[in-house]
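# An overview of the molecular structure
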Amino acid sequence: MREIVLDTETTGIEVREGHRIIEIGCVELLDRRLTGRHFHVYINPQREVEEGAFAVHGISDAFLADKPLFADVVDDFMAFIKGARLVIHNAAFDVGFIDAELQLLGGRHGQVVDHCSVVDTLRIARDKHPGQRNSLDALCKRYGVDNSQRDLHGALLDAEILADVYLIMTGGQTALSLSSQGAGDNDTGDLGAIRRLDPARPVLRVIQASEAELAAHEERLAAIEKAAGFVAWPRTAELVTE
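Just so you know, these numbers come straight off a predicted model, no measurement behind them.

Moving on, we get to the sheet that holds strand 5 (residues 117–120). The strand order 3-2-1-4-5 describes an open sheet built from 5 strands, whose pairing is mixed. The sheet is open, and its two edges are formed by strand 3 (33–42) and strand 5, each paired on a single side. Within the sheet, the average angular offset between the axes of one strand and its neighbour, ignoring direction, is 25°. Here 3 bridges tie strand 1 (residues 2–10) to strand 4 (residues 85–88), and the two strands are oriented parallel to one another. Residue pairing across strands places Ile4 opposite Leu86, the latter belonging to strand 4. Along the sheet, helix 3 (residues 70–81) contacts strand 1, strand 2 (21–30), strand 3 and strand 4; its crossing angle with strand 3, the most-contacted strand, is approximately 165°.

Shown next, in the form of structure tokens:
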């Protein structure tokens, strides 16, 4: 399964007021593993960044002045996300802004849902932790994901952090950080630094049971069956034939 963890930054909160996307950050997961592939771009929104939005992400009008327009990057962006499942925190916000940008280009690309399915991690978090704070920062603290570099919001950094949170939150692990920078305090205490394993590491050896060990196993099963009248698991011979 190919999943793209996505985040955006914008000129303001309300897309209905004409606010635009100024940054897109995406990281790729393949079968729930980070591949190292990402898509990241800053965009000239052709309008000013609101003061409140600047306080959140720190991206200025001057910085964006020489950046490409959304029209210049849309083909590469859509090619990167096409056919994937998008993983987004508060998906309605980001998808709404992307759809608005696509509409401004005449709608030739359709909408996000024409190309991708969408998973909202905010909805997942609210289902798992009702009545609690479920912002990305709150989830980082809850699951022990390091967000110490997140002084300001940034689309690529937030996508990377969200990928760690998503994998833990949906994988049944609530006390293990997958962050490459280590873990902080969470509900279960300080877990220390966690290091991702190199995907190119040697495959673990599989050691098969010897004939003597299989025979001893059969003898033990026979003794259990004699005492109990049955066994609740397959015998070695049944496993071999299957």
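The structure having been displayed, the exposition proceeds.
By the secondary structure assignment, Asp164 is in helix 7 (residues 155–169). Residue Asp164 is classed as buried on the basis of its relative accessible area, which comes to 4%. Sequence spacing of Asp164 and Cys140 is 24 residues, and the spatial spacing of their C-alpha atoms is 8.8 Å.

Quick notes on the rules
Residues numbered from 1 in each chain as written. Predicted model: local features only at pLDDT ≥ 70, side-chain atom pairs only at ≥ 80, totals over all residues. Heavy atoms only, no water. Pairing = 2+ DSSP bridges. Helix = DSSP H or I, 4+ residues; strand = E, 2+ residues; numbered from the N terminus. Axes fitted to C-alpha atoms, helices over the stretch in contact; angles between N-to-C directions. Contact = heavy atoms within 4.5 Å. Buried < 20%, exposed > 50% of the residue type's maximum accessible area, 1.4 Å probe, protein only.

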